[in-house]
Amino acid sequence: VSRMFRSLRLLLQVLWAQLLCGWVMGSELTFELPDNAKQCFYEDIITGTKCTLEFQVVTGGHYDVDCRLEDPDGTTLYKEMKKQYDSFTFTAAKNGTFKFCFSNEFSTFTHKTVYFDFQVGDDPPLFPNENRVTALTQMESACVSIHEALKSVIDYQTHFRLREAQGRSRAEDLNTRVAFWSIGEAIILLVVSISQVVLLRSFFSDKKTTMTRVGS
């Protein structure tokens with residue numbers, strides 16, 4: 001019975017750690033970035049902490065955006081122009097508030113939907129005494145493997161959801177263009193048909209007028 005309770009406790013630890021992982025280790029957000037706009041975010045980081053910034057433009061225009069990352073002194077650590085997606089990893093050289101901004105100021109009409117994931121530090125240990133001298137038991141090793149597998153599943157699901165949203169946006173944009181193109185073709189066809197009818201009627205009217213004049 002005690003072994004069963006121990007296994008249940010380990011499984012609950014895995015699930016609880018998986019739930020806390022997104023809250024403790026960083027920020028993940030999808031937001032709207034209007035045209036001619038700039039949005040900045042701030043994160044307090046301790047010296048020596050390893051961080052990763054990953055972003056992707058989900059919808060809007062050519063799916064590109066400007067990104068800039070600065071340290072507490074205002075020094076630029078990362079800067080890219082008109083990127084669709086990218087990932088940047090760095091280690092904080094000083095304590096303070098780091099700032100990263102997304103800019104759509106180069107766009108005049110289209111707004112963007114941007115997703116970013118800013119991970120700070122490493123994952124917390126699954127077990128408080130994981131760094132002990134003795135080796136992990138078979139159950140604890142299985143729980144660690146499950147924990148890592150669940151993290152990979154979450155990452156894959158996030159990327160697939162982003163690709164699905166991007167694909168849907170492109171499909172809807174293509175559908176709108178096809179609809180407008182079809183309406184334009186229908187209008188052109190109608191105008192050409194009416195022009196042909198008017199032109200043919202003008203030919204017969206001129207002929208009738210000419211014959212009347214000759215008879216008189």
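None of these values were measured; they are calculated from a predicted model. (Residues numbered from 1 in each chain as written. Predicted model: local features only at pLDDT ≥ 70, side-chain atom pairs only at ≥ 80, totals over all residues. Heavy atoms only, no water.)

### Re the UniProt feature "transmembrane region" (unreviewed entry) in the chain
Look at the UniProt record and you will see "transmembrane region" (unreviewed entry) annotated at residues 178-204. Span residues 178-204 is 100% helix and 0% strand, its end C-alpha atoms 39 Å apart. (UniProt positions renumbered as here; feature names shortened; annotations may be inferred. Helix = DSSP H or I, 4+ residues; strand = E, 2+ residues; numbered from the N terminus.)

### Let's talk about the packing of aromatic side chains
Applying the stated criterion across every chain yields a total of 16 aromatic pairs. Relative to Phe98, the ring of Phe90 has its centre 5.8 Å away and its plane inclined at 35°; by these criteria the two rings are tilted. Like Phe90, the residue Phe98 is buried in the burial classification. Ring centres of Phe100 and Phe116 lie 5.2 Å apart, and the angle between their planes is 75°; this geometry places the pair in the edge-to-face category. Pair noted here: Phe100 is in strand E7 (residues 96-103) and Phe116 is in strand E8 (residues 112-120), with a separation of 16 residues, a long-range link. For Phe116, a relative accessible area of 2% corresponds to the buried category. These aromatic residues form a ring-pair network of at least three members: Phe31, Phe41, Phe55, Tyr78, Phe88, Phe90, Phe98, Phe100, Phe102, Phe116 and Phe118. Just above the ring of Tyr63 sits the side chain of Arg170; from NZ or CZ to the centre is 4.5 Å. (Phe/Tyr/Trp six-rings, centres within 6.5 Å; stacked < 30°, edge-to-face > 60°. Buried < 20%, exposed > 50% of the residue type's maximum accessible area, 1.4 Å probe, protein only. Lys NZ or Arg CZ within 6 Å of the ring centre and 35° of its normal.)

### Quick word on the pattern of salt bridges
Tallied over the full model, the rule gives 6 salt bridges. Among the salt bridges present, the one from Asp64 reaches Lys112, with a minimum N-O distance of 3.2 Å. One end of the pair, Asp64, is in the loop between strand E3 (50-59) and strand E4 (65-70); the other, Lys112, is in strand E8, with 48 residues separating them in the sequence. Accessibility assignment for this pair places Asp64 and Lys112 in one class, buried. For the salt bridge of Arg168 with Glu172, the shortest nitrogen-to-oxygen distance reads 3.5 Å. With Arg168 and Glu172 both in helix H2 (residues 138-215) and 4 residues apart, the pair spans about one turn of that helix. Taking the relative accessible area as the measure of exposure, Arg168 reaches 55% and is therefore exposed. Three or more residues are tied together by salt bridges with common partners; here these are Arg68, Glu70 and Lys99. (Salt bridge = Lys/Arg side-chain N within 4 Å of Asp/Glu carboxyl O.)

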